[in-house]
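Given next are the chains, with one letter for each unit.
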Amino acid sequence: MSSLKENRTPLIILMVNMFIAMVGIGLIIPVLPMFLKEFGVGGQAMGYLVAVFALTQFMFSPIAGEISDKYGRKIPIIIGLLGFTLSQLIFAVGTEMWMLYVSRLLGGIGAAFMVPPMMAYVADISTEKERGKGMGLLGASMSLGFVIGPGIGGFLAEIGIRVPFYTSTVIAGIATLISLVLLPETLSKEAQHKARSATRQKESIIKQMKKSFKAPYFMLLILVFTMTFGLSNFEAIFGLYVDERFGFTPKDISIIITIGALIGVFIQSILVDKMLTRFGEKKVMHWTFLLSAASMIVLLLATNFWSILAITVIFFTATSLVRPALNTLLSKMAGNEQGFVAGMNNMYMSIGNMIGPALAGILFDININFPYIFGAFILMISYALVVTWKNSTAVTSSPGTVAE
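Residues numbered from 1 in each chain as written. Predicted model: local features only at pLDDT ≥ 70, side-chain atom pairs only at ≥ 80, totals over all residues. Heavy atoms only, no water.

Together, Leu-82, Leu-86, Leu-89, Val-93 and Tyr-166 line one region of the surface with nonpolar side chains, adding up to about 410 Å² of accessible area. Here Tyr-166 lies in helix H7 (residues 163-182). (Patch = residues over 30% accessible without salt bridge, like charges linked within 9 Å, V, L, I, M, F, W, Y side chains within 5 Å. Areas by Shrake-Rupley, 256 points an atom, 1.4 Å probe, with all protein chains shown as cover. Salt bridge = Lys/Arg side-chain N within 4 Å of Asp/Glu carboxyl O. Helix = DSSP H or I, 4+ residues; strand = E, 2+ residues; numbered from the N terminus.)

If you want it as structure tokens, here you go:
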């Protein structure tokens, strides 16, 4: 079996490409509020632009996963990077709102074709013992790119409002070329042929959702949805909120998001394991849901740049702790349904990423405070669910399937 040590170069290429793609996504965040003023639109349009990305990512992820099994990992990765490059270019040259929507829909398809095959690629080039390390490195490059992106975007916006979008196009194009030339295929021709000739009857998304309703870990999936809803609600409308209320520039917004997210990444990489070991998943979830809900309310009372920065840091810290706590507990309860539960986790997360921004945008246009009031309400319900929930043991245990 392949090991990460033997496949260091492909892993580095994957990490660089994931980093570049996430920088491309992140650098447009602080620019969007000012950019959308050119089109005369408000919160609803911004929320929908975030939501449609999640929609196509949700719809095309299963297709990308199937293609990666049947035709190898490299082809969908290239398709995803190319789609993302075109998406950023359309956004850069866009002069009508429909062009921006097309760009975001295409970007979601690109993300769907990038992420699942990259995760499968890591599984191909690592032993079972190394799997966590490989996934962690890929996740770290994703987080780091997203953290650095807004800072770059705020700086580039000082040159010109469309410069971040053109820059994103160029770096995504570079990532595409790197993969095309240097990334080797990891799935053997025999494995591809076997997958193409297999006739498996697949359950529809509706059937899978119904199955999850009866599972003992259903409450955790609901919490995945509410956590994602709250986080995407906060992030989607944040730029518009501080722009309208305080007149923050793209540079101001980029500083706040970058510092907040950096601290979140640090907490996630350094302290999560210690926190979960010392307090347990449920207690960490208990306090982080409460803290994130409180942060949303306190944000409405903030009066200046520094108070906004402090609240954002607290919010990102809380959400960086709740996600791994939820994922760990889900894995422990999944038993030998690890694949199904991972798929459901992604599905409920995608639904949160669709509904959260769309609803936040609609509420913002009614009253700029409503998105954060409603987001805090949802997170407080999550807190109450964690406090009252009595979790049971794993579904079915078999050696090596339940996370320790």
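Moving on from the coordinates now.
This part is about the packing of helix H3 (residues 43-71) against helix H8 (residues 189-197). For the pair H3 and H8, interaxial distance at closest approach is 6 Å and the crossing angle is 125 degrees. Judged on the interaxial angle alone, H8 and H3 are oblique. For the pair H3 and H8, contact is made by Asp-69, Lys-70 and Tyr-71 and by Ala-191, Gln-192, Ala-195 and Arg-196, respectively. For the contact of H3 with H8, a count of residues per class yields three nonpolar, one polar and three charged. (Axes fitted to C-alpha atoms, helices over the stretch in contact; angles between N-to-C directions. Parallel < 35°, antiparallel > 145°, perpendicular 65-115°, else oblique. Contact = heavy atoms within 4.5 Å. Nonpolar A, V, L, I, M, F, W, Y, C, P; charged D, E, K, R; others polar.)

Turning our attention to the packing of helix H1 (residues 8-26) against helix H4 (residues 74-93). One way to put it is that H1 packs onto H4 with a least axis distance of 11 Å and a crossing angle of 25 degrees. Here H4 runs roughly parallel to H1, going by the angle between their axes. In this structure, the crossing between H1 and H4 has a hand that is left-handed. Residues Leu-14, Asn-17, Ala-21, Gly-24 and Ile-25 of H1 touch H4, and the partners they reach there are Ile-77, Leu-81, Phe-84 and Gln-88. Within the contact of H1 with H4, the residues separate by chemical class into six nonpolar, three polar and no charged. (Left-handed = near helix turned anticlockwise from the far one by under 90°.)

Each aromatic ring pair is described using two quantities: the centre-to-centre distance and the angle formed by the ring planes. Across all of its chains, the model carries 17 aromatic pairs by this definition. Measuring from centroid to centroid gives 6.3 Å for Phe-315 and Phe-316, while their planes differ by 70 degrees, and the two rings are edge-to-face. Residue class for Phe-315 comes out buried when judged on its relative accessible area of 0%. Ring centres of Phe-374 and Phe-377 lie 6.2 Å apart, and the angle between their planes is 35 degrees; this geometry places the pair in the tilted category. With Phe-374 and Phe-377 both in helix H16 (residues 370-388), this residue pair falls three residues apart, about one helical turn. Site record: aromatic cluster; members linked through ring pairs are Phe-234, Phe-238, Tyr-241, Phe-315, Phe-316 and Tyr-372. (Phe/Tyr/Trp six-rings, centres within 6.5 Å; stacked < 30°, edge-to-face > 60°. Buried < 20%, exposed > 50% of the residue type's maximum accessible area, 1.4 Å probe, protein only.)

By the definition in use, this model includes three salt bridges. The partner of Asp-243 in a salt bridge is Lys-37, with the nearest N and O atoms 3.0 Å apart. Within this pair, whereas Asp-243 is found in helix H10 (residues 218-246), its partner Lys-37 is found in helix H2 (residues 32-37), the two being separated by 206 residues in sequence. Judged by its relative accessible area of 14%, Asp-243 is buried. A relative accessible area of 52% places Lys-37 in the exposed class. The partner of Arg-162 in a salt bridge is Glu-38, and the shortest N-O contact between them spans 3.3 Å. Placement of the pair is Arg-162 in the loop between helix H6 (131-157) and H7 and Glu-38 in the loop between H2 and H3, with a sequence separation of 124 residues.

This next bit is on the nonpolar core. Formed by 79 residues in total, the largest nonpolar core has its most connected members in Phe-35, Leu-36, Leu-220, Phe-238, Met-285, Phe-289 and Tyr-372. It is helix H14 (residues 305-334) that contributes the most residues to this core, 14 residues altogether. Here this core spans two domains, and each of domain 1 (1-187) and domain 2 (205-388) adds at least three residues to it. Sequence-distant contacts of Phe-35, that is, excluding residues within four places in its chain, are made with Phe-91, Leu-100, Ile-161, Arg-162 and Phe-165. (Core = buried A, V, L, I, M, F, W, Y, C linked by side-chain atoms within 4.5 Å. Domains from an automatic or database assignment.)

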